[in-house]
Amino acid sequence: MQKGTLEYEQALDAVIEILRSRARQGGTPLSYGDLSGELARLGHHVPAYEGPMPYLLEDASVRESPDGSLPLLPALVVLKNSGWPSGGFFKLARRAPYKRPGDDMLLWTREIQKLAEHYAGQ
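Residues numbered from 1 in each chain as written. Predicted model: local features only at pLDDT ≥ 70, side-chain atom pairs only at ≥ 80, totals over all residues. Heavy atoms only, no water.

Quick look at the side chain of S65 now. Along the chain, the position of S65 falls in the loop between α3 (53-64) and β2 (77-78). Those residues in contact with S65 that lie beyond four places of it in its chain are L70 and Y98. (Helix = DSSP H or I, 4+ residues; strand = E, 2+ residues; numbered from the N terminus. Contact = heavy atoms within 4.5 Å.)

On to the packing of aromatic side chains, then. Applying the stated rule across the entire model yields four aromatic pairs. Ring geometry for W84 and F90: centres 6.3 Å apart, planes at 45°, overall tilted. A residue is classified by how much of its surface remains accessible, and F90, at 7% relative accessible area, is buried. Members of the aromatic cluster, joined through ring pairs, are W84, F89, F90 and W108. (Phe/Tyr/Trp six-rings, centres within 6.5 Å; stacked < 30°, edge-to-face > 60°. Buried < 20%, exposed > 50% of the residue type's maximum accessible area, 1.4 Å probe, protein only.)

Now for the pattern of salt bridges. Tallied over the entire structure, the rule returns ten salt bridges. The salt bridge involving D59 is made with K3; its shortest N-O contact spans 3.2 Å. A residue pair is termed long-range when its members are at least 10 positions apart, and D59 in helix α3 and K3 in the segment before α1 (6-24) qualify at 56 residues. Its relative accessible area of 14% is what places D59 among the buried residues. Judged by relative accessible area, K3 falls into the exposed class, the value being 54%. For R63, the salt bridge goes to E9, with nearest N and O atoms at 2.7 Å. Placement of the pair is R63 in helix α3 and E9 in helix α1, with a sequence separation of 54 residues. Accessibility expressed as a relative area gives 37% for R63, which makes it partly exposed. Look at the salt bridges and you will find they share partners, linking E17, R20, R24 and E64 into a network. (Salt bridge = Lys/Arg side-chain N within 4 Å of Asp/Glu carboxyl O.)

Inspection of the secondary structure puts P97 in the loop between α4 (87-94) and α5 (104-119). The spacing of P97 and S65 is 32 residues in sequence and 9.1 Å in space, taken between C-alpha atoms. Ignoring anything within four residues of it in the chain, the contact list for P97 reads P66, D67 and G68.

This next bit is on unusual backbone geometry. Residue P97 is bonded to the preceding A96 through a cis peptide linkage, with omega at 5°. For K99, which is not glycine, the phi torsion reads 45° and is therefore positive. In this fold, K99 is placed in the loop between α4 and α5.

At a minimum axis separation of 9 Å, α1 and α3 run at an interaxial angle of 70°. Put simply, α1 runs roughly perpendicular to α3. Residue-level contacts link Y8, E9, A11, L12, D13, V15, I16, L19 and R20 of α1 to Y55, L56, L57, D59, A60, R63 and E64 of α3. Taken together, the residues of the contact of α1 with α3 sort by class into ten nonpolar, no polar and six charged. (Axes fitted to C-alpha atoms, helices over the stretch in contact; angles between N-to-C directions. Parallel < 35°, antiparallel > 145°, perpendicular 65-115°, else oblique. Nonpolar A, V, L, I, M, F, W, Y, C, P; charged D, E, K, R; others polar.)

For the rest of this paragraph, the subject is the nonpolar core. Ranked by internal contacts, the top residues of the largest apolar core, which has 35 residues, are L19, L35, L39, L57 and F89. Those elements that place two or more of their residues in this core are α1, α2 (32-41), α3, β2, α4 and α5. Examining the composition of this core, we find that nine residues originate from one element, α1, more than from any other. Apart from residues no more than four positions distant in its own chain, F89 is found in contact with L72, P74, A75, L107, W108 and E111. (Core = buried A, V, L, I, M, F, W, Y, C linked by side-chain atoms within 4.5 Å.)

Written as structure tokens, this is what we have:
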């Protein structure tokens, strides 16, 4: 799956909708493996830990909040063993235009809370 192709764009649409749905349901995180499984059920082969997954998550943030003002959907995707987002999430959250402050725990819990609030009732 190559970035910029129809296949990639369709998978990106699916990632965004899956994560929006989770946010609307209160912001319960899901593992990379669970996200990969949800995508597979929708016809998109996206391995949990390799290939396009990190690009899809970053592009979901860019599409959903190009100016950085909205909460970051990838905050909902966590590593199965730790229950925490990957280091890539924290790098994304701290760079422009997002520039989220705070230590990892504070940053992540704020994003989850903001996601639940933002998507409630949508």
